[in-house]
Amino acid sequence: MALESFGPEFWSAEGPILPFCGFPYPTRGAVIRLRNGSLFIWSPVPLDQAMRAEIDALGTVRHIVSPNKLHHLWLAEWKRAYPAARLYAPPGLARKRRDLPFDAVLDEAPEPDWADDIDQVLVPGSSVLTEIVFLHKKSQTAIFCDLIQNFPRDWFKGWRGWLARLDGIVQPNHGAPREWRATFRHRERTRQAVQRILDFAPDKVFIPHGEPARQNGTDFVRTGFGWLLR
Ligand SMILES: [Fe+2]
């Protein structure tokens, strides 16, 4: 099975492990079925035949979404496979990937096409990374991308493990890498955005890098942003 259930109308898709700044990064995408039967594809991973068959059995791909400008590797492949789907750019990506045929740019408000099922929060305040966090109502899941990373203790080996622990992305200390935390200069705005996510009271938190939280999501978000909230 290419897809694994993560919650009601919510599936997880494991992708390959990629080198990122010399560290092996696992990847993971999400598939959400909206109440009108169309599919919302979040940070897609490579689309092979097995996955395509499972996707097509679930519904019609209408939305292909990237949550931040670092996650763009397989967008073109999905848009080619599903040309009628709309491709959405997070802040900064349309400029970085001028070759991609984006249909719209994401911002603070959810698109009317998915607003009944999914809310979204733009997390501002960093000079290098702006991320859109999606909130899936039916499964009560907050979907973070790079702002919360939660690697198992033994994922990174040797000096990488030491550095990653220092970076605050290894269990039990999940969060954004420390060098990114330092880029949040407008912290009151960031705090307001994170508070909106906490107000949603997520039960689960879906993340691509490390272990998602399948329960107690609100606590998981609060501790992941301890560096910002305290
Ligand atoms: Fe990432």
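Residues numbered from 1 in each chain as written. Predicted model: local features only at pLDDT ≥ 70, side-chain atom pairs only at ≥ 80, totals over all residues. Heavy atoms only, no water.

### Regarding the side chain of H72
Right, so step 1: Inspection of the secondary structure puts H72 in the loop between strand 5 (60-65) and helix 2 (75-81).
Right, so step 2: When its relative accessible area of 12% is taken as the criterion, H72 is described as buried.
Right, so step 3: Aside from chain neighbours lying at most four places away, what touches H72 is L93, K96, R97 and L100. (Helix = DSSP H or I, 4+ residues; strand = E, 2+ residues; numbered from the N terminus. Buried < 20%, exposed > 50% of the residue type's maximum accessible area, 1.4 Å probe, protein only. Contact = heavy atoms within 4.5 Å.)

### Considerations on the coordination of the iron ion
Metal coordination angles have textbook ideals: 109.5 degrees for a tetrahedral set of four donors and 90 or 180 degrees for an octahedral set of six.
Right, so step 1: At this site the iron ion is bound by H71 (NE2), D146 (OD) and H209 (NE2), with donor distances of 1.9 to 2.1 Å.
Right, so step 2: Positions of the donor residues of the iron ion, expressed as sequence spacing, correspond to H-x74-D-x62-H. Remark: H209 occurs in the loop between strand 11 (204-206) and helix 7 (217-224) and H71 occurs in the loop between strand 5 and helix 2; sequence separation between them is 138 residues.
Right, so step 3: For H71, a relative accessible area of 14% gives the class buried.
Right, so step 4: The class for H209 is buried, based on a relative accessible area of 4%. (Donors = N, O, S within 2.8 Å, 3.2 Å for Na, K, Ca; no water.)

### So, the pattern of salt bridges
Right, so step 1: Under the definition given, this model contains 11 salt bridges.
Right, so step 2: Between E4 and R214 there is a salt bridge whose closest N-O contact spans 3.9 Å. Linking E4 in strand 1 (residues 3-7) with R214 in the loop between strand 11 and helix 7, this pair joins segments that are 210 residues apart in sequence.
Right, so step 3: With its nearest N and O atoms 3.3 Å apart, the salt bridge here joins D117 to R35. Placement of the pair is D117 in the loop between strand 7 (104-105) and strand 8 (118-123) and R35 in the loop between strand 3 (23-33) and strand 4 (38-42), with a sequence separation of 82 residues.
Right, so step 4: Relative accessible area serves as the criterion here: at 9%, D117 is assigned to the buried category. (Salt bridge = Lys/Arg side-chain N within 4 Å of Asp/Glu carboxyl O.)

### What about the layout of surface pockets?
Gaps between atoms show up when a probe of the same size as a water molecule is rolled over them.
Right, so step 1: Estimates place the volume of the largest pocket at around 310 Å³.
Right, so step 2: Along the walls of the largest pocket sit 20 residues, with L18, T27, L70, H71 and L73 positioned nearest its centre.
Right, so step 3: When residues of the lining of the largest pocket are traced back to their parent elements, those giving at least two are strand 2 (10-20) and strand 3.
Right, so step 4: Per-class residue counts for the lining of the largest pocket are 12 nonpolar, six polar and two charged.
Right, so step 5: Of the volumes computed, that of the second largest pocket is approximately 180 Å³.
Right, so step 6: At the level of secondary structure, the elements contributing two or more residues to the lining of the second largest pocket comprise strand 3, helix 4 (158-167) and helix 5 (178-181).
Right, so step 7: When residues in the lining of the second largest pocket are grouped by element, the largest group, three residues, is from helix 4.
Right, so step 8: When its residues are assigned to classes, the lining of the second largest pocket shows nine nonpolar, no polar and two charged. (1 Å grid on protein atoms, 1.4 Å probe; cavity = no way out; pocket = protein on both sides within 12 Å on 5 of 7 lines; lining within 4 Å. Points joined across faces, edges and corners; volume = space filled by probe spheres on them. Nonpolar A, V, L, I, M, F, W, Y, C, P; charged D, E, K, R; others polar.)

### Remarks on the environment of V221
Right, so step 1: Within the secondary structure, V221 sits in helix 7.
Right, so step 2: When the C-alpha atoms of V221 and F200 are compared, they prove to be 11 Å apart, with 21 residues separating the residues in sequence.
Right, so step 3: In this structure V221 touches F144, I148, V194, I197, L198, P202 and V205, once residues within four positions along its chain are discounted.

### Some details on unusual backbone geometry
Right, so step 1: Following Q171, the chain continues to P172 via a peptide bond in cis, the omega torsion being 5°.
Right, so step 2: Examined against the element boundaries, P172 turns out to sit in the loop between helix 4 and helix 5.
Right, so step 3: The phi dihedral of S43 falls on the positive side, at around 45°, and the residue is not glycine.
Right, so step 4: Tracing the backbone shows S43 in the loop between strand 4 and helix 1 (49-58).
Right, so step 5: Take S43: its relative accessible area is 6%, and that puts it in the buried class.
Right, so step 6: For Q140, which is not glycine, the phi dihedral falls at a positive 55°.

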